[in-house]
Amino acid sequence: MIGDMPERLVKLYASEFAISTAIYKGSGKRFFNSIAEQLDIPTTEPRYNKDGECVGEKAMSMDVLKDEISDNIGPNTLLIFPEAKRLTTGVRYWLEDAISNGVKVICFAAANPGKDIFLEMLEIELELPSDKLIRETMQAEANRMGLNITRSRLAELQPLAGRNPMLARKVIRNERLGLNQKASPQHTQYVVVMPLVIACLMAFGVMRFIGMGTRNKGLYIFGGIALISGMTLKQVGQVRGARKRLGQ
Amino acid sequence: MAITHAVIAAGGVSLLLGTADPLPLGLAVLGSQLPDLDTTTSVIGQIAFPISSWIEDRFPHRSITHCLLATVTLAALSLVTGYVLGEIKVWMALPLAHVLACFADCFTRQGVQLFWPIPVWAVSVANPRRRIYTGGPAEYWVLAIATAVLVAGIWLAGVGGPQAQVSRSLGLRDDAIATYNRNVSTSEVWAEITGVWIDDRTDASGKYLILENQGSEFIITDGKSIYQTGKNIIVNKLLTKAGEASQRIVKSLTLNDQDLSPVLQNLLSSNPGSTIYLTGSIAVDFPEEIQPVSGGRQLQTLTVSGEAVELNYHPLELAIAQLSDQWATGSITALILQ
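Conventions and cut-offs
Residues numbered from 1 in each chain as written. Chains lettered and ligands numbered in written order. Predicted model: local features only at pLDDT ≥ 70, side-chain atom pairs only at ≥ 80, totals over all residues. Heavy atoms only, no water. Pairing = 2+ DSSP bridges. Helix = DSSP H or I, 4+ residues; strand = E, 2+ residues; numbered from the N terminus. Axes fitted to C-alpha atoms, helices over the stretch in contact; angles between N-to-C directions. Disulfide = S-S within 2.5 Å. Buried < 20%, exposed > 50% of the residue type's maximum accessible area, 1.4 Å probe, protein only. Parallel < 35°, antiparallel > 145°, perpendicular 65-115°, else oblique. Left-handed = near helix turned anticlockwise from the far one by under 90°. Contact = heavy atoms within 4.5 Å. Nonpolar A, V, L, I, M, F, W, Y, C, P; charged D, E, K, R; others polar. Phe/Tyr/Trp six-rings, centres within 6.5 Å; stacked < 30°, edge-to-face > 60°. Expected span 1.5 Å × (residues − 1). Arc of directions from axis to C-beta. Polar contact = N/O pair within 3.5 Å; in protein donor to acceptor, adjacent residues only side chain to side chain. Buried area = accessible area lost by both parts, 1.4 Å probe. Salt bridge = Lys/Arg side-chain N within 4 Å of Asp/Glu carboxyl O. pLDDT = per-residue confidence, 0-100. Core = buried A, V, L, I, M, F, W, Y, C linked by side-chain atoms within 4.5 Å. Patch = residues over 30% accessible without salt bridge, like charges linked within 9 Å, V, L, I, M, F, W, Y side chains within 5 Å. Areas by Shrake-Rupley, 256 points an atom, 1.4 Å probe, with all protein chains shown as cover.

Q: Looking at this structure, how should I read the sheet that holds strand β5 (residues 104–107) of chain A?
A: Strand pairing within a sheet occurs via backbone hydrogen bonds; the two strands may be parallel or antiparallel. Residues and elements named next belong to chain A. With parallel pairing, the three strands of this open sheet are ordered in space as β1-β4-β5. At either margin of the open sheet sits one strand with a lone partner, and together these are β1 (18–21) and β5. With direction set aside, neighbouring strand axes in the sheet form an average angle of 15°.

Here it is in C-alpha cells:
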C-alpha cells in the first residue's frame with residue numbers, strides 16, 4: 001500500500017537530497033512548476049520590450065521550464081512521483097534524461113507499466129494492506145459519511161473490497177446507497193478454482209483405469225460415466241448469453 | 001443460506017461415504033454450518049456468539065473459517081475423536097461437510113479465502129456475473145438440486161452405493177456374484193434372468209434359485225429342474241437378490257463299498273424339510289441299473305461312465321430312486337438348504 005509512504009520518504013531523505021514530489025493532474029506546466037518550486041528553481045524569466053530592455057518577468061514556457069529544471073538537478077536530487085502511472089510520454093522521456101544525469105527517481109504505481117523508464121527502474125512490490133487496515137478504512141469512511149454500520153456488516157462487506165483501500169471506501173459509499181446487495185467484487189485478488197474441480201473429476205478417470213486393470217466392470221463403467229457426466233455438466237455451465245450490453 | 005449448505009453437505013457426505021445413517025448426516029449438517037462461525041448473523045454464530053463475535057471483529061467474512069486450513073484442523077480433531085470412539089469413517093463426515101460447504105461458497109459472487117492466510121479469494125469463474133449471490137433465485141435452484149442429490153444419496157446408500165447400483169442396473173456379472181457371496185450364507189439368493197434357452201432360443205426369462213456359483217456362471221433351479229447359466233440358458237441380463245432367510249450346510253460323505261440306500265435315507269431323514277443336492281464321484285457295482293434322466297433343457301446332474309457315476313447337484317430324492325440297492329465307493333458332498 002502506498003498510503004503516506006511518499007511523505008515519509010520526503011522526511012527520511014530531506015537531509016540527504018533536494019527532494020521534490022509531484023502528481024500529474026492533467027497540466028504539464030503545473031506539474032513542472034511544482035517540481036521547480038520545491039527545488040527552488042526559478043519558474044520565471046525576464047520579459048523584454050522591443051528595445052531589449054527588461055520590463056518585468058514572465059512565466060517560463062514548459063519546454064524552457066524543463067530545461068531549467070534539467071540544468072539545476074543532479075545526483076543530489078530526489079524526485080518522487082506517487083501516481084507514476086499517470087506520467088505522460090513527454091514527462092517520461094524528460095525523466096529518462098534526468099535519470100541518465102544521475103537524478104534519483106522513485107515512482108509509485110498500482111502496477112508496473114513495463115515500458116521505457118519503468119523498464120530501467122528497480123521494482124519493489126509493496127505488501128498488501130492488512131485486513132485490519134481495510135476494516136479501519138471502511139469504518140473511517142462510514143464515520144465520515146455519518147453512516148451507522150455494524151461490525152457484522154463490515155465483516156460481510158469486506159470481501160467486496162479485498163485489500164484495496166480505495167474499494168473499501170467505495171463499498172461504504174455503495175452501502176449508503178443500498179447498492180451492495182447484488183454487488184460483485186471489483187478487486188483482482190482472486191483465483192479461479194475451476195481447474196481444481198476438473199482435477200477432482202479426474203479422480204473418476206483414475207477409478208476407470210483401476211476398474212479396467214482389475215477387470216472390475218462396475219468400477220470401469222461407473223468411473224467412465226461419472227467422468228463424462230461431470231465434464232458434460234462443466235460444459236453446460238459454460239452456456240452464456242450476450243457479453244456486451246446495449247451500447248457497448 | 002444455512003439450509004442450502006446443510007443439504008449440499010448432507011447430500012455430498014451420503015454419496016461420498018455411502019451412508020444414510022443419522023449420525024454422519026447430522027455431523028455433515030454441523031460441519032456445513034461451521035464456516036459461518038465467522039459472523040454473528042448466522043445460526044451457528046448466534047449459538048456460539050462469543051467465538052463468532054471475536055472472529056468477526058478480526059477477520060473478513062468467508063476467510064479464516066472458510067479455508068482448507070480450517071478443514072485440516074477439523075479433520076485432525078475428527079480423526080482423534082473417531083479413533084477414540086472407534087468410528088473414524090463416521091466422524092470424517094464433519095471435515096468433508098466443511099470442505100463441501102466452503103467449496104460451494106466458491107460459486108458465489110464474493111468467493112471464499114480457500115487458501116487463507118494467502119489473501120486471495122477463490123471463485124468458480126472469473127466473471128462475477130456468472131456466479132450466484134446468496135439468497136438469489138439461483139440459490140433455490142441449487143437447493144432443489146442438492147435436495148435431489150441428498151435423496152439419491154440416501155437411496156443409493158441403501159442399495160450399496162452408486163457403483164453397485166450402476167452394476168446392478170446393467171446386470172453386470174461381477175455385481176451378481178458379489179451379491180451372491182454377500183448373502184448366500186444367511187439367505188436364499190435368487191437370480192432374475194432375462195435370456196433364452198440354448199436349445200430352441202425360446203424365452204427363459206424368470207426367477208431362479210441359485211444353488212451355487214461356478215466361475216462367472218450359476219447353477220440354478222426353478223424347483224423342478226437344475227440349470228446352468230451359459231450352458232442351458234443364454235443370459236442377457238442377470239440380477240441377483242437376497243430372498244428369505246436360509247441356512248446352507250455342506251456335508252461330506254465318504255463311501256467305502258457301502259450300501260447307498262441307508263446312507264441317503266439317513267441324510268434325508270436327518271434333514272427334514274430341507275432341499276438336498278449331491279455332488280461328487282462314486283463307483284458302483286451295477287451301473288447298468290441306473291437310468292439317468294436325459295434330454296430336455298436341464299443340466300445333466302447324473303452321468304454314468306463305466307462303473308463311475310458323476311453327480312452334479314443331483315437332487316437327493318432322485319438319487320434315492322436311481323441309486324437304491326447300489327453299493328458304492330467314493331465321496332459325495334451334500335448341499336443342504338434349510
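Q: Before we go on, may I ask you to explain the state of the cysteines in this structure?
A: Note: disulfide means a covalent bond formed between the sulfur atoms of two cysteine side chains. For the structure on display, the rule yields zero disulfides over all chains. Here C200(A) is not disulfide-linked; the sulfur of C106(B) is the nearest cysteine sulfur, at 11 Å. With no disulfide of its own, C106(B) lies 7.9 Å from the sulfur of C102(B), the closest cysteine sulfur. We classify C106(B) as buried; its relative accessible area is 0%.

Q: Sorry if this is basic, but what is going on with the packing of helix α7 (residues 151–161) of chain A against helix α8 (residues 165–177) of chain A here?
A: All names here are of chain A. At a minimum axis separation of 9 Å, α7 and α8 run at an interaxial angle of 125°. Viewed along their axes, α7 and α8 adopt a mutual orientation that is oblique. For α7 against α8, the interelement crossing comes out right-handed. From α7, R153, L154, L157, L160 and A161 reach across to α8, where they touch L167, A168, V171, I172 and E175. Partitioned by chemical class, the residues of the contact of α7 with α8 number eight nonpolar, no polar and two charged.

Q: Teacher, can you tell me more about the packing of aromatic side chains here?
A: Any pair of aromatic rings gets described here by the distance separating the centres and the angle formed by the planes. On inspection of all chains with the given rule, the structure shows 10 aromatic pairs over all chains. An angle of 65° between the planes, with centres 6.1 Å apart, marks the rings of Y13(A) and F17(A) as edge-to-face. Given a relative accessible area of 27%, Y13(A) falls into the partly exposed group. When the ring of Y208(B) is compared with that of Y227(B), the centres are 6.0 Å apart and the planes differ by 85°; the resulting orientation is edge-to-face. Of the two residues, Y208(B) is situated in strand β3 (residues 206–214) and Y227(B) in strand β5 (residues 226–228); the sequence distance between them amounts to 19 residues. In this pair, the class of Y208(B) matches that of Y227(B), namely buried. Taken together, the ring pairs in this structure connect Y24(A), F31(A), F32(A), F81(A) and W94(A) into an aromatic cluster.

Q: Help me out: how do you make sense of the packing of helix α1 (residues 2–17) of chain B against helix α7 (residues 93–105) of chain B in this one?
A: When two helices pack together, their arrangement is given by the angle between their axes and by how far apart the axes lie. Residue and element names in this part refer to chain B. It is the contact of α1 with α7, at a shortest axis distance of 9 Å, that shows an interaxial angle of 125°. Classed by the angle they form, the pair α1 and α7 counts as oblique. Handedness of the α1/α7 crossing: right-handed. For the pair formed by α1 and α7, the contact residues are H5, I8, A9, G12, V13, L16 and L17 on the first element and A93, L96, A97, L100, A101, A104 and D105 on the second.

Q: When you look at helix α4 (residues 89–100) of chain A in this model, what are you seeing that I'm missing?
A: Each α-helix winds once per 3.6 residues, and so residues spaced three or four apart point in a common direction. All names here are of chain A. End to end, α4 covers 17 Å across 12 residues, agreeing with the expected 16 Å (1.5 Å per residue, within 8%). Those residues of α4 that fall on the buried side of the exposure criterion are V91, R92, W94, L95 and A98. Taken around the axis of α4, the buried residues stretch over an arc of 160°, which confines them to a single face. In this structure, the buried side of α4 is in contact with α2 (28–38), α3 (62–72), β4 (77–81), β5 and α5 (116–120). The positive-phi residue at the C-terminal boundary of α4 is G102, with phi of around 100°.

Q: Explain the side chain of S42(B) here, please?
A: When you line up the elements, S42(B) lands in the loop between α2 (22–33) and α3 (43–47). A distance of 2.6 Å separates a polar side-chain atom of S42(B) from the backbone oxygen of D36(B).

Q: What am I meant to see in the interface of chain B and chain A here?
A: A common way to express how large an interface is: the accessible area buried when the components associate. Every contact between the two is made by 37 residues of chain B and, on the other side, 39 residues of chain A. For the chain B and chain A pair, buried surface summed over both sides reaches about 3200 Å², with 60% attributable to carbon and sulfur atoms. A per-residue breakdown of the area chain B buries against chain A is headed by W121(B), R130(B) and Q163(B), which together make up 18% of the total. Between D57(B) and R151(A) there is a salt bridge; the shortest N-O distance is 2.6 Å. Every element with two or more residues in the side of chain B that touches chain A is listed here: α4 (49–58), β1 (121–123) and α9 (162–169) of chain B. Alignment of strand β6 (residues 190–192) of chain A against β1(B), held across three bridges, turns out to be parallel. Bridge pairing in β1(B) links Y190(A) to W121(B).

Q: Teacher, can you tell me more about the confidence of the model for chain B here?
A: Predicted coordinates in areas of low pLDDT are best not read in detail. Residues and elements named next belong to chain B. Per-chain confidence: chain B averages 87 in pLDDT, with 99% of residues scoring 70 or above. Here α9 is the element of chain B with the lowest mean pLDDT, 79, and helix α5 (residues 68–85) is the one with the highest, 94. Predicted as a complex, the structure gets a pTM of 0.72 and an ipTM equal to 0.72.

Q: In this structure, what is going on with the nonpolar core? I would like to understand it.
A: Among the nonpolar cores identified, the biggest contains 25 residues, and F31(A), I35(A), I69(A), L79(A), F81(A) and L95(A) are the most heavily contacted of them. Setting aside residues no more than four positions away along its own chain, F81(A) makes contact with A22(A), F31(A), I35(A), L87(A), L95(A), V105(A), I106(A), C107(A) and F108(A). Residues L267(B), I290(B), L302(B) and L323(B) belong to the second largest nonpolar core, which totals 22 residues.

Q: What's the story with the pattern of salt bridges in this structure? I'm lost.
A: Residue and element names in this part refer to chain A. Summed over the entire model, instances satisfying the criterion amount to 14 salt bridges over all chains. Between E141 and R173 there is a salt bridge, and its shortest N-O distance comes to 3.6 Å. With E141 in helix α6 (residues 131–144) and R173 in helix α8, this pair connects stretches of sequence that are 32 residues apart. Salt bridges sharing partners connect three or more residues here, namely E141, R144 and R173.

Q: Where do I start with the sheet that holds strand β9 (residues 302–305) of chain B in this structure?
A: Residues and elements named next belong to chain B. The five strands lie next to each other as β7-β11-β8-β10-β9, forming an open sheet whose pairing is antiparallel. In the strand order of this sheet, the two ends are held by β7 (248–259) and β9, each with one partner. On average, adjacent strands in this sheet sit at an angle of 10° to one another, irrespective of strand direction. Against the sheet, helix α11 (residues 260–270) contacts β7, β8 (275–284) and β11 (327–337), and its axis sits at roughly 160° relative to β7. This element, helix α12 (residues 316–323), spans β8, β9 and β10 (308–315) of the sheet and lies at about 150° to β10.

Q: I'm lost on a nonpolar patch on the surface in this one. Help?
A: A contiguous nonpolar patch, built from L79(B), V80(B), Y83(B), V84(B), L85(B) and I88(B) and spanning about 630 Å² of accessible area, is present on the exposed surface. Among the elements that line the nonpolar patch, the one with the most residues is α5(B), at five residues.

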